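Structural features, examined
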Amino acid sequence: MAGKGLSQVRVQLIANPIAGGGAGADSAERVAAMLRGRGHRVECHFTRGAGDAQRLAAAAESACDCLFVVGGDGTLNEVLNGLEDPSRVPLALLAVGTANMLARDLDLPSEPGAAAALVESETTRSVDLARIGKHRFFGNVGVGFDAAVVADIARRRAGTLGFRAYLAPIFRVLSRYREPLLEVRMDGGAPRLAGWVVVSNLSNYGGLFTFSPEARCDSGHLEVCVFTRARRRDLVRAAAASRRGRLEALPGVSYHSARRIVVTSGEPVPVQVDGDAWGTTPVELAIEPSPVRILVSAPRAGAG
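Computed from a predicted structure; not experimentally measured. (Residues numbered from 1 in each chain as written. Predicted model: local features only at pLDDT ≥ 70, side-chain atom pairs only at ≥ 80, totals over all residues. Heavy atoms only, no water.)

**Looking at the pairing of strand β14 (residues 270-273)**
Across three bridges, strand β7 (residues 140-143) lies against β14 in antiparallel orientation. Residue pairing in the sheet places Val141 in a bridge with Val273 of β14. Once β14 ends, the chain turns through two residues before running back antiparallel as strand β15 (residues 276-280), passing Asp274 with a positive phi of about 50 degrees. (Pairing = 2+ DSSP bridges. Helix = DSSP H or I, 4+ residues; strand = E, 2+ residues; numbered from the N terminus.)

What follows is the structure, given as structure tokens:
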């Protein structure tokens, strides 16, 4: 870790044991054993339910040199919201969830040994944090169809999720879907009408799609993808185009960069944050001035 080299590092490890179909527990134990074998002090904490990672992060923040997260995007999201000062302690991440959006964007190692080695890395990446209300997030916020799917899953969820677990909820929501009317304001500008809005701090969305290919986690702003229409046929076309990286070619799709976004509607419309149900409109999103430091692999000699 920066400033520590190979000397002893105090590591607080927070893991979701059921992430990745139960891979979280084994992965965390392997990381902890490797770090202890290299002389580091490791305290390992396992979550048992929603909110645990946030509580554990709040307690661990002042007692470590590095906070190590083993889990999916939801676990990482909770950790971020538990930190009083997210810029103080560097984070290491072993992503074992379904989408792993931040890990994909930063090309973080997916193998426990390589992830454990990040603790001794001298290389960090400063990543922007965004807020929706008072809630921090790294990745994406969706207002409209995708959030309706996530809300359907949240009502029925039992156990872990994989990509296939989204198919039935998608068809259920499509069968009863009614396009909402949203009003979007960016940096105090004139309102835009939309049927669906996706706000991105990362280029990866859900592990499979790209809604904002220009989104960068250290750009200092958010990318906003506005769909003027979001009827059933528009949604199907958007899904296919985003998989091919050609969403910008669709009519009625526009891209914007902003630091503050407000989305309102005449009636409540579902909102999702990093794949978890958040609530409903209205919402206000903004970039937070204190970025978090993520430990990443050192660049290879001769790279670039």
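**Description of the packing of aromatic side chains**
Applying the stated criterion across every chain, the model contains six aromatic pairs. For the ring pair Tyr205 and Phe211, a centre distance of 4.6 Å and an interplane angle of 75 degrees mean the geometry is edge-to-face. This pair shows no difference in class: Tyr205 is buried, exactly as Phe211 is. Three or more aromatic residues link up through ring pairs in this structure, and these residues are Phe145, Tyr177, Trp196, Tyr205, Phe211 and Phe227. (Phe/Tyr/Trp six-rings, centres within 6.5 Å; stacked < 30°, edge-to-face > 60°. Buried < 20%, exposed > 50% of the residue type's maximum accessible area, 1.4 Å probe, protein only.)

**A short note on the sheet that holds β14**
Pairing is antiparallel across the open sheet formed by six strands, whose spatial order is β12-β11-β10-β7-β14-β15. Each edge of the sheet is formed by a strand with only one pairing partner; in this case those strands are β12 (253-258) and β15. Averaged over all pairs of adjacent strands, the angle between strand axes in this sheet comes to 20 degrees, irrespective of strand direction. (Axes fitted to C-alpha atoms, helices over the stretch in contact; angles between N-to-C directions.)

**Structural notes on the pattern of salt bridges**
A full pass over the atoms with the stated rule returns 14 salt bridges. As a salt-bridge pair, Arg10 and Asp65 come within 3.2 Å of each other at their nearest N and O atoms. With Arg10 in strand β1 (residues 10-15) and Asp65 in the loop between α2 (52-60) and β3 (66-71), this pair connects stretches of sequence that are 55 residues apart. Taking the relative accessible area as the measure of exposure, Arg10 reaches 30% and is therefore partly exposed. (Salt bridge = Lys/Arg side-chain N within 4 Å of Asp/Glu carboxyl O.)

**Observations regarding the nonpolar core**
Formed by 30 residues in total, the largest nonpolar core has its most connected members in Leu67, Leu102, Phe138 and Ile294. Elements with a contribution of two residues or more to this core: α2, β3, α3 (73-82), β4 (91-95), α4 (101-106), β5 (124-132) and β16 (283-295). Beyond its immediate stretch of four places on either side in the chain, Leu67 contacts Gln12, Ile14, Ala57, Ala60, Val79, Leu83, Val89, Pro90, Leu91 and Ala92. Formed by 23 residues, the second largest nonpolar core is a distinct cluster that contains Ala130, Met186, Val271 and Val283. (Core = buried A, V, L, I, M, F, W, Y, C linked by side-chain atoms within 4.5 Å. Contact = heavy atoms within 4.5 Å.)

**A look at the environment of Val271**
In this fold, Val271 is placed in strand β14. Residue contacts for Val271: discarding those within four places in its chain leaves Ile132, Val141, Gly142, Val143, Ala147, Asp276, Ala277, Trp278, Gly279, Thr280, Thr281 and Val283.

**Some thoughts on the side chain of Gln272**
With respect to the secondary-structure elements, Gln272 resides in strand β14. The class of Gln272 is buried, set by a relative accessible area of 3%. A distance of 3.0 Å separates the side chain of Gln272 from the side chain of Asp146, its partner in a polar contact. Once residues within four sequence positions are removed from consideration, Gln272 is found in contact with Asn140, Val141, Gly142, Asp146, Ala147, Val150, Tyr205 and Trp278. (Polar contact = N/O pair within 3.5 Å; in protein donor to acceptor, adjacent residues only side chain to side chain.)

**What about the packing of α2 against α3?**
Relative to each other, α2 and α3 sit at 40 degrees, their axes nearing to 7 Å. One element, α2, and the other, α3, form an angle in the oblique class. Like other packed secondary-structure pairs, α2 and α3 cross with a definite hand, here right-handed. Mapping the contact onto sequence places Asp52, Ala53, Gln54, Ala57 and Ala58 in α2 and Thr75, Glu78, Val79, Asn81 and Gly82 in α3. (Parallel < 35°, antiparallel > 145°, perpendicular 65-115°, else oblique. Left-handed = near helix turned anticlockwise from the far one by under 90°.)

Spatial relationships are all this shows, so hold off on functional conclusions.
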